[in-house]
Amino acid sequence: MNVRSKAWKLLMIGGLGASLLAGCGSKEEAASPDAKNAEVKKEGFPIVEAPLKMTMMAPDTGVQNWEDMVVLKEMEKLTNISFEYKNAPKDSFETKKNLVFASEDYPDVFYAAGLTPSEQLKYGEQGVLLPLEDLIDEYAPNFKALMDEYPDVRKSITAPDGHIYSLPVIEFSQHWYRNPLWYNGSYLEALGIDKLPETTEELYTYLKRVKEEDPNGNGKADEIPISSVTTPAANIRDIRTWMLGAFGIYEETLFVDDNDVVRYSPIEEGYKEYLKYMNRLWTDDLLDHESFSQTAEQKQAKGESNQLGLFSAWHAYQLLGTEASDKDPMFLPVHAENVEKAAIAKNGGIKTGAFAITKTNPNPAASMRWADYLYSYEGSVLFNKGPEGTLWEYTNKEDHTKKAIPAPDGKDSEEIRSTLTPNYGIPAPTILTDEVNKGLTTEFDEWVNNETQTKLLDNGARVPFPALFLTVEEQSEINSLNSDLSTYVKQMEAKFITGAESVDGGWDAYVDTLKKMGAERVAEINQGAYDRWKAN
Amino acid sequence: MAKAIANPIRESKGDKIFLGFTYAYLCVALVVVLYPLIYILSASISNPTAVNTGEMWLFPKEITFAGYELVFNNPAIWNGYLNTIIYTVLGTALNLAVTLPAAYALSRSDFVGRGWFMGFILLTMFFNGGLVPTYLVVKNLGLVNTMGALILPVAASVWNIVVARTFFQSTIPKELQEAAHIDGCTNLRLFWKIVLPLSAPIIAVMALFYGVGHWNSYFSSLIYLNSESKYPLQMVLRQILVLQEMSAETTGAAMNADTAALMSSKAETASLIKYGVIVVSTLPIIAVYPFLQRYFVQGVMIGSVKG
């Protein structure tokens, strides 16, 4: 008995020691929550007279330590605000973000965090994320002007409770919703095609000819007319948007039609036509039979050995492993015979959740002014192009025309850029306009822009569904519905296309099942949110 | 070969058939184990396009050492290597310092409260705090973003303590301990001078278990570390491979043609060094294994069979 109580004592002492240790860790947090807001200048730099240090959480692509990034150092000099960076690798950023929220170990600001609308609402309502609208009014002249100029920005970032919890990524110079499809130019030449297919039937003929006429001229029937990859998130997504468009469907899950009615794509009649068409491509061996299993690298390898006739890529030459050229034309969206014109999806250009301020922030006003600079022309150029004189210089400062400076030692200038600035491969808070790139585009870029303009934008490309908020309850209902729906849709899509189930025979049962799983409810909830957004 | 060693009694037909099957089975097992090793070795010196198209399936095609060049010229990999060695050496040393005394103490039948302590320790095998509470503990101990975060929280593994305890129980006879005590030996000295020298197999096994664990671990560095300079090798590898997965579609970032072009070229580099990096990072473990293997079999067996 005596010994037992000794053991207890030991345990208690141990526990006491641990709690003492625990006390040490949390000291730093309470360091400077004093009302220093008064010292923040409303205009001009530096933002604060006395140096201010905060913590920033951001995803990291692992190219360069953020402490060593020239752009961030410049920013520190300019504003007198420095950051301690809490980076997490980009691919595991979600995990770390959840951990941070769950453990209440908040950074002072989130940068490029990709906070989802539901996270913004949830943590906004809990008071973890600060409402920004008053700060924007007072301390963010650039961003405010931007919202006045583009009402859609304000609409899209305002939560249903009327607050703004995050600043967005705005890209008005990028119109693609998905990577475009590209034709293999050498195939077109070999087959003597000078007019791109405009209907699904013409496209079928092209693919068939690729299959049968040996356009790569190696004497082997190794051509793959169209190839795609499947990720855990979605089947053959890279080509699907374009194929669905032929049957009047803008996007694979949700879109709003021309009469402001929200549609759930997988139960639409056009979706059935799409499945039939794809099934036909599959049965005739025109759609790569590895489309549901291969990785992006495997597709890349096929591209490099010149086996593909039509494929998705950022630029065709990147997949074919050739030099940039205007020989590989962009896919002109085709349409089915009974559909008047193809539905073409366009990038909305607004993505919320890029920048947020938390309740531990010692000086929200200063943080807001810091972020506001990112939405000015100068800030955008600094963060997206690097400081003047490293990779570019002005030829005409008045109208913002620039010219590129070749990178030293024959290095890739983009490679160097990725070490200068954090805005590389992450959804960073910024605004990208054509003005930022003025003078820096190459002839090839111009050609691509022209292809985009004539083939997509001029043919009526539009945003399939605006960026909008659902309430917390709506979001949780959607989440639970979607977890069943998307799995089932994904499974059935593969079955229909590969012919494991016949489209004609199985369609009605499939639609019934989806309806039972709440497909219509998903559309209904989003309809409500869309109407709110529209009325805002 | 088998004949030379085999006993003079002639094998029956049944035995021969059995032997034949055994060899056939072992050959299949050998192929299954060996194939991935050869594949990775070959892939590491082949042209990545050949690997991805499936042209390279056993022997290297279009041999190139560019992948290894990139690996050896990448400072992040070397830094990661150094960190991993630090984590593995320090971590394993601490693991042994904690596990062996704990296991020995728990193996002694005259240890008062043994069952009680053992119960407590075993409890943690079945219940644990989960990710967030553990993170909070580590954070409140001030260990976040320190090297300690990768070493201290995993200082003891219950499973290994149990294995070591069983070893001590079955190999160190109680009489030995009594004899030592009669000669005036203290417990500490007994452990240090008598028990440990007799326990080489279990020390080797524990070192291997823990060492491999440290070498391969990346999850805790993912959770606890913020700065790249402290990343272990596995984490650096992960990042390199993840860059490969990154494409215009998946980033959700503001993109432009240059970024897309760089990502696409990065993807090629990554597929080139992927296998090289796997070889470089597993080589040390493979090299150490044969030397410890002798103890390995012995140690685990002794721990499990009482005799």
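Residues numbered from 1 in each chain as written. Chains lettered and ligands numbered in written order. Predicted model: local features only at pLDDT ≥ 70, side-chain atom pairs only at ≥ 80, totals over all residues. Heavy atoms only, no water.

All names here are of chain A. What the domain assignment reports for chain A is domain 1 (37-174 + 351-385) and domain 2 (181-345 + 465-535). Between domain 1 and domain 2, the C-alpha centre-to-centre distance is 36 Å. Taken together, the contact pairs 14 residues of domain 1 with 11 residues of domain 2. Overall, the association of domain 1 and domain 2 removes approximately 990 Å² of surface from exposure, summing both partners, and the carbon and sulfur fraction of that is 69%. Area buried by domain 1 at its contact with domain 2 is led by Lys 155, Ser 156 and Pro 160, which between them contribute 42% of it. At the boundary of domain 1 and domain 2, one finds 0 salt bridges. Seen at the junction of domain 1 and domain 2, the total is 1 residue pair in polar contact (both at pLDDT 80 or more). Sorting the residues of the side of domain 1 that touches domain 2 by element identifies α4 (117-125) and α7 (151-157) as the ones contributing at least two each. Per element, the largest residue contribution to the side of domain 1 that touches domain 2 is 6 residues, and it comes from α4. The residue inventory of the side of domain 1 that touches domain 2, partitioned by class, reads 5 nonpolar, 5 polar and 4 charged. (Domains from an automatic or database assignment. Contact = heavy atoms within 4.5 Å. Buried area = accessible area lost by both parts, 1.4 Å probe. Salt bridge = Lys/Arg side-chain N within 4 Å of Asp/Glu carboxyl O. Polar contact = N/O pair within 3.5 Å; in protein donor to acceptor, adjacent residues only side chain to side chain. Helix = DSSP H or I, 4+ residues; strand = E, 2+ residues; numbered from the N terminus. Nonpolar A, V, L, I, M, F, W, Y, C, P; charged D, E, K, R; others polar.)

This part covers the sheet that holds strand β3 (residues 109-111) of chain A. All names here are of chain A. Here we have 6 strands laid out as an open sheet, ordered β2-β1-β3-β10-β4-β13, and mixed in their pairing. Each end of this open sheet is capped by a strand with a single partner; those strands are β2 (81-89) and β13 (430-432). Strand-to-strand twist across the sheet, computed as the mean angle between neighbouring axes with direction ignored, equals 30 degrees. Both β3 and strand β10 (residues 350-357) contribute to a ladder of 3 bridges, which runs antiparallel. If you follow Phe 110 over to β10, its bridge partner there is Ala 356. On top of the sheet, helix α14 (residues 364-373) reaches β1 (52-60), β2, β3, β4 (167-171) and β10; it is set at about 145 degrees to β10, its chief contact. Along the sheet face, helix α15 (residues 377-385) touches β3 and β13 and points at about 90 degrees away from the line of β13. (Pairing = 2+ DSSP bridges. Axes fitted to C-alpha atoms, helices over the stretch in contact; angles between N-to-C directions.)

Before going further, it helps to examine the sheet that holds strand β6 (residues 224-226) of chain A. All names here are of chain A. One open sheet accounts for 3 strands, arranged β5-β9-β6; its pairing is mixed. Lying at the two open borders of the sheet, with one neighbouring strand each, are β5 (181-183) and β6. Neighbouring strand axes in the sheet, compared pairwise and without regard to direction, differ in orientation by 30 degrees on average. Where β6 meets strand β9 (residues 308-312), 2 bridges bridge the pair, whose relative direction is parallel. Looking at the pairing, Ile 226 lines up with Leu 310 of β9. Taken strand by strand, helix α10 (residues 237-245) contacts β5, β6 and β9, and its axis lies near 85 degrees from that of β5.

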